[in-house]
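Chain by chain, the residues:
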Amino acid sequence: MSQASLPPTNDSKMNTATATGTRLDDPANGVTRRTGVEDGGVVKKTDQLNGNSNTETTISTPEKPKRSYRSRKYRHVEAIHSESQPSCLSHDTTETPSFLGFRNLMVIVLVVGNLRLVIENIQKYGVLICLNCHDFRPTDLQIGIFLYFLIPCHLFLAYFIELVAAHSARSSLFPKPKPSPSGTSSPTEAQLSKFQSTWTLIWIFHALNITTCLALTTYVVWYHVHHPLIGTLSEVHAIIVWLKTASYAFTNRDLRHAYLHPVTGELDALPELYRECPYPNNITFTNLVYFWWAPTLIYQPVYPRTSKIRWVFVAKRLGEVICLSVFIWFCSAQYATPVLINSLDKIASLDYFSIIERLLKLSTISLVIWLAGFFALFQSFLNALAEITRFGDRSFYEAWWNSEGLGMYWRTWNKPVYQFFRRHVYSPMRSRGYTHKTASFAVFFLSAVLHELLVGVPTHNLIGVAFLGMFLQLPLIQITQPLEKRKSSSGKLLGNTIFWVSFTIFGQPFAALMYFYAWQAKYGSVSRQQQHQSVQAVCPAPH
């Protein structure tokens, strides 16, 4: 008999043995309600009002039945295979498994494998670290210090050129030209021709200045600096000042044009940030000194600034620079140098299999050195310099290690250089009607020339490896560019794999091997061996 037909009782609450719930009777209103769980989880609510019956049924979660004695007894009949499900690594699995354990395993294998190489290296060569075993000549240090103070002078020469140009721009506004009814003063053909001729003259002075800076440094390093480290630091400094001076000239050229001919649309195109220091108020010695020390290659009259200097932060970053520099020196002397020296005879005899084996062996230590150098420069040093100068924008790099192609890598690993070429080379060429391929060709050609100067001049060997290594990135970018556009994870994985293979094996290790061999052929053991063989050929030993 259903609960709805139970006769009412005079009790307001009662417990029943046939169902779990509460029964409420109200004879005065003719309402009988029963709520609870019965019939396997079906909750029935029955209302009787003035003789009318209305029943609502809802489904609730039944209480989990307690294990009976029989379920505890028959354990061997439990249904283990109760549903269809794929394997964890199958393609038709519904949930992607986590590979965190494999990542930990690879890290352990990498650490253990390199630890074995460390022990093997020490057993074979001993400790190669020697504080006094360097080839720093006194003249190299003196010339390096002299170049350190001479190179920035070209940046200050650019300041004086712009100071004269700013004075000329101020004088040209008096008397002021009559504005148009809209409040603007668009340049006439005569004014535009005068501006172009003035800019041409200013451009010639800037070009002579920066060319002299780079050419003079290159000449001194090539002929008078023997040690590659001192030569590299001097050449890097000269290239940085060269790029900064070019940015300083190009930016002030556009600001001067907007100042002389304030067309409304062009003024609106200028960044709002620049209104804090409009042209020509930015042509000051203080403004230039800040740009000289700011960790950027892009000149702006105003930069985002932080409110204060955190000296503890600066101390931590400088400590990282010192520790990583010592680590790089240790790895270079203890591990990279023996591999390079043992590769000389293989290269001389053109033993290709041995050369490939040396490249693979060199790829690990060169990658470790490069990663340490990247962190020391872009994360530690530039952040310390930005904190001291209160430079706000510290996006010096992005997650380049996840690059899905070589194009993404070159856009993200060194953003100061990328931003310079995009702002002052690529974008102006595109605005003048050049195609994307032509503008990219110009960017990589100029970058390849600078790379060859940066590597070939300090090693006194302009063999073109750095130039080709940079210039040949264009076809590799074209190959991996379709992989960047794929939405599937397999295409992105393939692009990232191609990037790492070209980066770790065919990139830096090969270049390091070639320039080290060229250095040794000119100054080191290979040169002495060749001289000894030539002497034996001219003066054979008596029989």
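The model shown is predicted, which means the values in this text are computed figures rather than measured ones.

Draft legend 1. Structural context of the UniProt feature "transmembrane region" (unreviewed entry) in the protein chain. Taking the UniProt record as the reference, the feature "transmembrane region" (unreviewed entry) is found at residues 100–119, 145–166, 201–223, 318–336, 367–386, 439–457 and 493–518. Helix makes up 100% of residues 145–166 and strand 0%, whereas the separation of the span's terminal C-alpha atoms amounts to 33 Å. In the segment residues 318–336, helix accounts for 100% and strand for 0%; the C-alpha atoms at its two ends are 25 Å apart.

Draft legend 2. Representation of the packing of helix α5 (residues 228–260) against helix α7 (residues 285–293) within the structure. In the contact formed by α5 and α7, the axes pass within 11 Å of each other and the chain directions differ by 135 degrees. One way to sum up the angle between α5 and α7 is to call them oblique. For the pair α5 and α7, the crossing hand works out as right-handed. In this structure, α5 contributes His237, Lys244 and Tyr248 to the contact, and α7 contributes Leu288, Phe291 and Trp292. When the residues that make up the contact of α5 with α7 are grouped by side-chain class, the tally is four nonpolar, one polar and one charged.

Draft legend 3. Up close: helix α16 (residues 489–504). An ideal rise of 1.5 Å per residue puts 22 Å on 16 residues; α16 measures up with 22 Å between its terminal C-alpha atoms. Of all the positions in α16, only Gly491, Gly495, Asn496, Phe499, Ser502, Phe503 and Thr504 are classed as buried. Buried residues along α16 sit against α10 (352–389), α11 (406–412), α15 (473–485) and α17 (508–523).

Draft legend 4. The packing of helix α8 (residues 311–342) against α10, seen in detail. The interhelical angle for the contact between α8 and α10, taken along N-to-C directions, is 160 degrees, at an axis separation of 9 Å. For the element pair α8 / α10, the angle class is roughly antiparallel. The handedness of the crossing between α8 and α10 comes out as left-handed. Of the residues belonging to the contact of α8 with α10, the class tally is 23 nonpolar, six polar and five charged.

Criteria and thresholds
- All residue numbers refer to position in the chain's written sequence, counted from 1.
- Given that this is a predicted model, residues contribute local features only at a pLDDT of at least 70 and side-chain atom pairs are listed and counted only at 80 or more, while totals for whole chains, interfaces and linings are drawn from all residues.
- Remark: hydrogens and water are excluded; side-chain values derive from all non-hydrogen atoms of the structure.
- UniProt positions are given in the numbering used here, feature names are shortened, and annotations may be inferred rather than shown by experiment.
- Labels follow the DSSP assignment, with helices taken as runs of H or I lasting at least four residues and strands as runs of E lasting at least two, numbered in each case from the N terminus.
- The convention used is that axes are lines fitted to C-alpha atoms, helices contributing only their stretch in contact, and that angles between N-to-C directions extend from 0 to 180 degrees.
- We call two directions roughly parallel when the angle between them is under 35 degrees, roughly antiparallel when it is over 145, roughly perpendicular when it lies between 65 and 115, and oblique otherwise.
- By the definition used in this description, the sense in which the near helix is turned from the far one sets the handedness, with an anticlockwise turn below a right angle giving left-handed and a clockwise turn giving right-handed.
- Note on definitions: a residue-residue contact is assigned when non-hydrogen atoms from the two residues lie within 4.5 Å.
- When residues are sorted by character, Ala, Val, Leu, Ile, Met, Phe, Trp, Tyr, Cys and Pro go into the nonpolar class, Asp, Glu, Lys and Arg into the charged class, and all the rest, Gly among them, into the polar class.
- Helix span, as expected, comes to 1.5 Å for every residue beyond the first.
- Only protein chains enter the accessibility calculation, which uses a 1.4 Å probe; a residue whose area is less than 20% of its type maximum is buried, one above 50% is exposed, and one in between is partly exposed.

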